[in-house]
Amino acid sequence: MIYQKSSPLTIENIVNSKINSVDFKNLKFGHVFTDYMFECDYTDGSWVNPIIKPFGNLSISPASKVFHYGQAVFEGMKAYKDDQGKIWLFRPEENFKRINKSSKRLAIPEFPKDLFFEALEKMLVLDKDWIKPGIGNSLYIRPFVIATQAEVSASPSNEYKFLILFSPAQAYYAGDVKVVIAEHYSRSADGGVGAAKAAGNYAAQFYPTNLAKEKGFQQIIWTDSKEHKYLEEAGTMNVFFRINDTLITAPVSDRILDGVTRNSLIALAKRDGIEVEERKITVEELKEASNNNTLKEIFGAGTAAVISPVSDFSHKNQVYHLPKIKESYASIFKSKLLNIQHNTSEDSFGWRYPVQ
Ligand code: COI
C-alpha cells in the first residue's frame, strides 16, 4: 500500500502524564488508556500525516461510513515488560498480517508494514511506564481502521483513519466461565466475515450473549450456522476441547478466526508431545464425552484472556459440569505462553519481538 515517505511520522508530546491517576492493581479491561495514540489518514489513494499525539477524542463527520455501514476492522495484541525493563511484543507480524487480511475482506486499503512497526515501537517507548513488569500484567494494543468518508452511499469509503490505542491490562475474565452452546444465533457463516476481525462480528454477539447472561452464563460457544452441530468458537476466542489427553480445536475456515494464541498453543502442544487434532467436533461428541467422563477440559484461547477455562456448558437447557482437574492443559499452556511472553523462559520458536 502506498505510504508517502514525504509524509514522515511526527510526534506531538504530552504536557502532563495521566499515569499517576491510574490504579494499576485494579484495572478493568479496556477501560484506561495511555498518554498517547497513533493516527494516520488515508486520502487520495495513500496513507498520509502519520502522527503520535496525546490521547484524545476524534472529530469526524456523523456521515462517516463507519457509523452507517460498520466498515471497520481491528486487532488485539499485547506488549510485556521483563524484570530488566525490556519491552517485548509477541508475534506482532501475525497481527500485522491479519489486520491487512481483515481490511481486504472489508474493502479497506492495506496499511504499510514499515509505518505500522515504526509507529507501534515509537509509541511503546513513549508510553513505556504504562507497561508493568510481572506475569499477568501487560499492555493491550488496539490497532483499528475506520471508514471516514462523509457520505452515506453504501459503497467502500475513499477515506480512512488507522489508529492505535494502548490500554494497561490484567486478567480479562476472573475465574472459570460458564457457557451456552448456540442453538439459534450464529457468529458467522460460510462466505461471511467470521475469519476477519471486523467490528460488526463482535457487535452481533452482544445480544445473544446478553440472553445467555440473563440465564447465568458468561459466554456462548458458537456453532456452525447451518445445523448448529459443530463447535466453532467461544465468545471472542478460539475454543479447545480436551478429550482424554487429546486437544481438539475446529480447523480454521472462513467462519473461524485464525487466532495467534490458538496457533501458538497448537505449536506448543505438538512440541511437547501432546496430540492435537484440528478437526470438526460435534456437540453430540462433546456431550457423549462429558457423559462418559472422557471430557477433561474446555478452554477459550485469545489475546485478551490468554486462556479462559470453562467450568460448565449448557445445551438444550441441560447443564454439563466439568470437574476441576489437577495439572490442566489450560494452566500448563497458560504458564508456558506467559513465560515466553514475559521473557522468563526460553523462546524456542522465536516468537518474542524486542522493542528497541
Ligand atoms: C482477543 O482476545 O483476541 C480479542 O480480540 C478480544 C477483544 C474482543 C476484547
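Residues numbered from 1 in each chain as written. Predicted model: local features only at pLDDT ≥ 70, side-chain atom pairs only at ≥ 80, totals over all residues. Heavy atoms only, no water.

Chemist: If you had to explain helix H6 (residues 283-291) to someone new, which residues and values would you point to?
Modeler: Among all positions in H6, only Val 283, Leu 286, Lys 287, Ala 289 and Ser 290 are buried. One side of H6 carries all its buried residues, which in axial view fall inside an arc of 160°. Pointing more than 90 degrees away from the buried face of H6 are the exposed residues Glu 288 and Asn 291. (Buried < 20%, exposed > 50% of the residue type's maximum accessible area, 1.4 Å probe, protein only. Helix = DSSP H or I, 4+ residues; strand = E, 2+ residues; numbered from the N terminus. Arc of directions from axis to C-beta.)

Chemist: Account for the domain arrangement of the protein chain, naming residues and giving values.
Modeler: Looking at the assigned domains, one finds that the protein chain contains domain 1 (10-169) and domain 2 (177-341). Distance from the C-alpha centre of domain 1 to the C-alpha centre of domain 2: 27 Å. In this complex, domain 1 contributes 20 residues to the contact, which on the side of domain 2 involves 22 residues. For the pair domain 1 and domain 2, the two sides together bury roughly 1800 Å², of which 63% comes from carbon and sulfur. (Domains from an automatic or database assignment. Contact = heavy atoms within 4.5 Å. Buried area = accessible area lost by both parts, 1.4 Å probe.)

Chemist: Any details on the packing of helix H5 (residues 260-271) against helix H7 (residues 329-341)? Residues and values, ideally.
Modeler: In a packed pair of helices, the relevant descriptors are the angle between the two axes and the axis-to-axis distance. It is at 11 Å that the axes of H5 and H7 come closest, and there the two elements cross at 105°. Judged on the interaxial angle alone, H7 and H5 are roughly perpendicular. Listed contacts from H7 to Thr 261, Ser 264, Leu 265, Leu 268, Ala 269 and Arg 271 of H5 are Phe 333, Lys 336, Leu 337 and Ile 340. Looking at the contact of H5 with H7 residue by residue, the classes come out as six nonpolar, two polar and two charged. (Axes fitted to C-alpha atoms, helices over the stretch in contact; angles between N-to-C directions. Parallel < 35°, antiparallel > 145°, perpendicular 65-115°, else oblique. Nonpolar A, V, L, I, M, F, W, Y, C, P; charged D, E, K, R; others polar.)

Chemist: Explain the packing of aromatic side chains residue by residue, including any values.
Modeler: Following the criterion strictly, the structure yields 22 aromatic pairs and no others. Aromatic side chains Tyr 185 and Tyr 207 sit 5.8 Å apart centroid to centroid with 90° between the ring planes, which places their arrangement in the edge-to-face category. Of this pair, Tyr 185 sits in the loop between strand S9 (177-181) and helix H4 (199-214) while Tyr 207 sits in helix H4, and the two are 22 residues apart along the sequence. The class for Tyr 185 is partly exposed, based on a relative accessible area of 33%. The interplanar angle of 5° and the centroid separation of 4.7 Å between the aromatic rings of Phe 313 and Tyr 320 together place this pair among those described as stacked. Comparing Phe 313 with Tyr 320, the two get one shared label, buried. Aromatic ring contacts, followed pair by pair, group Phe 38, Tyr 42, Trp 47, Phe 96, Phe 111, Phe 116, Phe 117, Tyr 160, Phe 162 and Tyr 353 into a single cluster. Here the basic side chain of Lys 132 rests over the ring of Phe 24, its NZ or CZ set 4.5 Å away from the ring centre. Between the NZ or CZ atom of Lys 280 and the centre of the ring of Tyr 230, over which it lies, the distance is 4.7 Å. (Phe/Tyr/Trp six-rings, centres within 6.5 Å; stacked < 30°, edge-to-face > 60°. Lys NZ or Arg CZ within 6 Å of the ring centre and 35° of its normal.)

Chemist: Quick rundown of the site of the ligand? Include the residues and the values.
Modeler: What surrounds the ligand is the set Phe 29, Phe 74, Tyr 140, Arg 142, Tyr 172, Lys 197, Tyr 202, Thr 236, Gly 302, Thr 303 and Ala 304. With respect to the ligand, the backbone of Thr 303 contributes an N or O atom lying 3.2 Å from an oxygen atom. Contact distances for the ligand include 2.8 Å between an oxygen atom and a backbone N or O atom of Ala 304. Starting from 290 Å² of accessible surface for the ligand in isolation, the protein chains cover 90%. (Near = heavy atom within 4 Å. Polar contact = N/O pair within 3.5 Å; in protein donor to acceptor, adjacent residues only side chain to side chain. Areas by Shrake-Rupley, 256 points an atom, 1.4 Å probe, with all protein chains shown as cover.)

Chemist: Break down the pairing of strand S16 (residues 306-315) for me, citing the residues and quoting the values.
Modeler: Side-chain direction in a regular strand flips from residue to residue, so the side chains alternate between the two faces of the sheet. Among the 10 residues in S16, nine count as buried, and that is most of the element. Relative to S16, S9 runs parallel, the two being bridged by four bridges. Opposite Val 180, over in S16, you have Ser 314 as the bridge partner. As paired strands, strand S15 (residues 295-302) and S16 are joined by four bridges and run antiparallel to one another. What sits directly across from Phe 299, in S16, is Pro 309. Counting the residues between successive antiparallel strands, the hairpin from S15 to S16 contains three residues. Pairing geometry for S16 and strand S17 (residues 318-321), over four bridges, is antiparallel. When the bridges of S17 are listed, Ser 314 appears paired with Val 319. Adjacent in sequence and paired antiparallel, S16 and S17 are bridged by two residues, among which Lys 316 carries a positive phi angle near 45°. (Pairing = 2+ DSSP bridges.)

Chemist: Explain the pattern of salt bridges to me, using residue names and the numbers behind them.
Modeler: All chains considered together, the criterion is met by 22 salt bridges. The residue Lys 161 makes a salt bridge to Glu 39 at a minimum N-O spacing of 2.7 Å. Of this pair, Lys 161 sits in strand S8 (residues 160-169) while Glu 39 sits in strand S2 (residues 36-43), and the two are 122 residues apart along the sequence. Judged by relative accessible area, Glu 39 falls into the buried class, the value being 8%. Here the residues in one salt-bridge network are Glu 39, Asp 41, Lys 53 and Lys 161, joined through shared partners. (Salt bridge = Lys/Arg side-chain N within 4 Å of Asp/Glu carboxyl O.)

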